[in-house]
Amino acid sequence: MDVLKESLSHLLIYEVNGFLAMTYVLWEHLTAILTAGAMGSLIMGAPMAQRTWITITAILATLAALFAPPPVPLIMAVMALAGALAVWRDTFNPENLRWRITGGLALYALAALGYLAYSRYLDGVDAMTWAKTLGGEGNAAAALAQGRAFVNTLATWGLWLIIPLGYFSLLAQSLFLHPPGPQEPGDLITTIRTRGQN
């Protein structure tokens, strides 16, 4: 009886630990999951001509959400979710908006992955190797520090503010360019003919 009780206790501990580990992994990668889900909704509603490009963008966006340093994954997830919501909400020309959103998300993902690759490259550069080229270890260390600071400043402004604000202004312009109208073509024709008067 004690052996059965101990076995059940161990089984319960393994199950709870497995659930906690799975929950932790999901929470740690929540931004990538949200990004992939939003991109999946963009793919599902897209015409066949756009699906290849949106799929490539989805892969880039998910990779950026997985590997880029914070707060880029959160910004990527918010941008993708806002884009999917905007396409779902747009009744005038969702195909055009979907294409513009794809371009904005691709630009942001490429910028984030480019920054990640360049910062990893700078981390691997040896100051002693540069010392031979630049005339001394002190000069090489100063040049590397200046290069890192410059790239970090550009990345902070570009990835945290400039690209996201441009993207959200694109969404706002697309959504507010045309007032909400009737959903059915017949209703739209009636609204135009009567100039909105009943």
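What counts and what doesn't
Residues numbered from 1 in each chain as written. Predicted model: local features only at pLDDT ≥ 70, side-chain atom pairs only at ≥ 80, totals over all residues. Heavy atoms only, no water. Axes fitted to C-alpha atoms, helices over the stretch in contact; angles between N-to-C directions. Helix = DSSP H or I, 4+ residues; strand = E, 2+ residues; numbered from the N terminus. Parallel < 35°, antiparallel > 145°, perpendicular 65-115°, else oblique. Contact = heavy atoms within 4.5 Å. Nonpolar A, V, L, I, M, F, W, Y, C, P; charged D, E, K, R; others polar. Buried < 20%, exposed > 50% of the residue type's maximum accessible area, 1.4 Å probe, protein only. Phe/Tyr/Trp six-rings, centres within 6.5 Å; stacked < 30°, edge-to-face > 60°. Patch = residues over 30% accessible without salt bridge, like charges linked within 9 Å, V, L, I, M, F, W, Y side chains within 5 Å. Areas by Shrake-Rupley, 256 points an atom, 1.4 Å probe, with all protein chains shown as cover. Salt bridge = Lys/Arg side-chain N within 4 Å of Asp/Glu carboxyl O. pLDDT = per-residue confidence, 0-100.

Draft legend 1. Spatial organisation of the packing of helix α4 (residues 72-89) against helix α5 (residues 94-124). Contact pair α4 / α5: the axes reach a minimum separation of 9 Å and the direction vectors enclose 175 degrees. Classed by the angle they form, the pair α4 and α5 counts as roughly antiparallel. Of α5, the residues touching α4 (which contributes Val72, Ile75, Met76, Met79, Ala80, Gly83, Ala86 and Val87) are Pro94, Leu97, Arg98, Ile101, Gly104, Leu105, Tyr108, Ala109 and Ala112. Its residues assigned to classes, the contact of α4 with α5 comprises 14 nonpolar, 2 polar and 1 charged.

Draft legend 2. Spatial organisation of the environment of Leu175. With respect to the helices, strands and loops of the structure, Leu175 is situated in helix α7 (residues 137-177). For Leu175, a relative accessible area of 29% gives the class partly exposed. In this structure the C-alpha to C-alpha distance between Leu175 and Asn93, which are 82 residues apart in sequence, comes to 10.0 Å. If we ignore the near neighbours within four places in the chain, the residues touching Leu175 are Ala86 and Arg89.

Draft legend 3. Structural context of the packing of aromatic side chains. Taken as a whole and judged by the stated rule, the model has 2 aromatic pairs. Between Tyr118 and Tyr121, the ring centres sit 6.1 Å apart and the planes meet at 35 degrees, which makes this aromatic pair tilted. Taken together, the positions of Tyr118 and Tyr121, both in helix α5 and 3 residues apart, correspond to about one turn of that helix. On the numbers, 5.5 Å between centres and 80 degrees between planes, the contact of Tyr167 with Phe168 is edge-to-face.

Draft legend 4. Structural context of a nonpolar patch on the surface. A contiguous nonpolar surface patch, about 1100 Å² in accessible area, is contributed by Leu12, Val16, Phe19, Leu20, Met22, Leu26, Trp27, Leu30, Ile33, Leu34 and Leu81. At 7 residues, the largest contribution of residues to the nonpolar patch is made by helix α1 (residues 2-28). Here Met22 is to be found in helix α1.

Draft legend 5. Looking closely at unusual backbone geometry. With an omega of 5 degrees, the peptide bond running from Pro70 to Pro71 counts as cis. Within the element layout of this structure, Pro71 appears in the loop between α3 (48-67) and α4.

Draft legend 6. Structural context of the side chain of Thr31. Its place among the elements puts Thr31 in helix α2 (residues 30-44). Thr31 sits in the buried class, given a relative accessible area of 18%. Contacts of Thr31, omitting those with residues within four sequence positions, involve Ala65, Pro73, Leu74 and Ala77.

Draft legend 7. Representation of the confidence of the model for the chain within the structure. Per-residue confidence for the chain averages 85 on the pLDDT scale, and 85% of its residues sit at or above 70. Mean pLDDT in the chain bottoms out at helix α6 (residues 127-134), which sits at 64, and peaks at α2, which reaches 96.

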